[in-house]
Amino acid sequence: ELVNKQVNLALGSILFVDEAYALKQGPQDDFGQEAIDTLLKRMEDDRGKFICIAAGYTKEMQEWIASNSGLESRFNKKIEFEDYDATSLAEIFRRKCKKEDIELSPAAELKMCEFFENLYSGRGRNFGNAREVNNVFQEVKEKQSERILDIIEREGDATKEQILTLEPEDFEI
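Per-chain numbering applies: the sequence of each chain, read as written, is numbered from 1 onward. Confidence filtering applies because this is a predicted model: local features only for residues at pLDDT of at least 70, side-chain atom pairs given and counted only at 80 or more, and all residues used for totals across whole chains, interfaces and linings. Heavy atoms from the whole structure form the basis of all side-chain values; hydrogens and water molecules are not counted.

Caption draft 1: Summary view of the layout of surface pockets. Only protein atoms enter the 1 Å grid, on which a cavity is a set of points fitting a 1.4 Å probe that cannot get out and a pocket is an open set with protein on both sides within 12 Å along at least 5 of 7 lines, lining residues being those with an atom within 4 Å of a point. Grid points are joined across faces, edges and corners, and a volume is the space filled by probe spheres set on the points. When its volume is computed, the largest pocket comes out at roughly 1,500 Å³. Together, 42 residues line the largest pocket, and A54, A55, G56, M61 and I79 are the ones closest to its centre. Those elements that place two or more of their residues in the lining of the largest pocket are β1 (14-18), α2 (30-45), β2 (51-55), α3 (58-66), α4 (69-74) and α7 (130-155). The leading source of residues in the lining of the largest pocket is α3, at six residues. Residues are grouped as follows: Ala, Val, Leu, Ile, Met, Phe, Trp, Tyr, Cys and Pro are nonpolar; Asp, Glu, Lys and Arg are charged; every other residue, Gly included, is polar. Class assignment of the residues belonging to the lining of the largest pocket gives a composition of 18 nonpolar, nine polar and 15 charged. Each pocket or cavity is described by its volume, and for the second largest pocket that value is around 280 Å³. Every residue lining the second largest pocket is counted, 13 residues in all, and those nearest its centre are L2, V3, Q6, L23 and A35. Counting from the N terminus, the helices are the DSSP runs of H or I reaching at least four residues and the strands are the DSSP runs of E reaching at least two. Only α1 (2-10), β1 and α2 provide two or more residues apiece to the lining of the second largest pocket. With five residues, α2 is the largest single contributor of residues to the lining of the second largest pocket. Residue composition of the lining of the second largest pocket, by class: nine nonpolar, two polar and two charged.

Caption draft 2: How the structure looks around the pattern of salt bridges. One side-chain nitrogen of Lys or Arg within 4 Å of one carboxyl oxygen of Asp or Glu is enough to make a salt bridge. With the rule as written, the count across this model stands at 15 salt bridges. Across the pair E91 and R94 runs a salt bridge, and its minimum N-O distance is 3.2 Å. You can see E91 and its partner R94 sitting in helix α5 (residues 86-99), three residues apart, about one turn around the helix. Here the term buried applies to any residue with accessible area under 20% of the maximum for its type, exposed to any over 50%, and partly exposed to those in between, with areas from a 1.4 Å probe on protein chains only. A residue is classified by how much of its surface remains accessible, and E91, at 31% relative accessible area, is partly exposed. Given a relative accessible area of 26%, R94 falls into the partly exposed group. Here R94 ties to E109 by a salt bridge, and the two come within 2.6 Å at their closest N and O atoms.

Below, the structure is given as structure tokens:
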């Protein structure tokens, strides 16, 4: 019923199924199989009335599509997105800083670029691209907060510049 409801809402537009492979959690998952069967039926019955995009990690999506010939025939166009490289990750980080009026000291800029070079070169199969940047950004801000609290404890106050500027030690996460 939930699948039918979502397809009905998508008629005339797009149904986006993120992490589509999670629809079925193994061979004993009757509910997941029913969801897939319903989706496949609606894709056939309502052909041309909506677009269905199934997204997820490459390996899991390949396995999911290969698990059912109906999926293979209906999801026959694939777009694979390459991981962001270190330069792109650093640019996303800079944009997040700008959005929050946070500056990077020159030394922090170098440390940040080095951090993303290491992150990119050591990435694993589940690398999360911009989600990784979001996580790093939060951790760096937490580290910065700890540093600012130390300044306040030592000096009684922190300047606006100190509060709004990241330093290299903030990337020691």
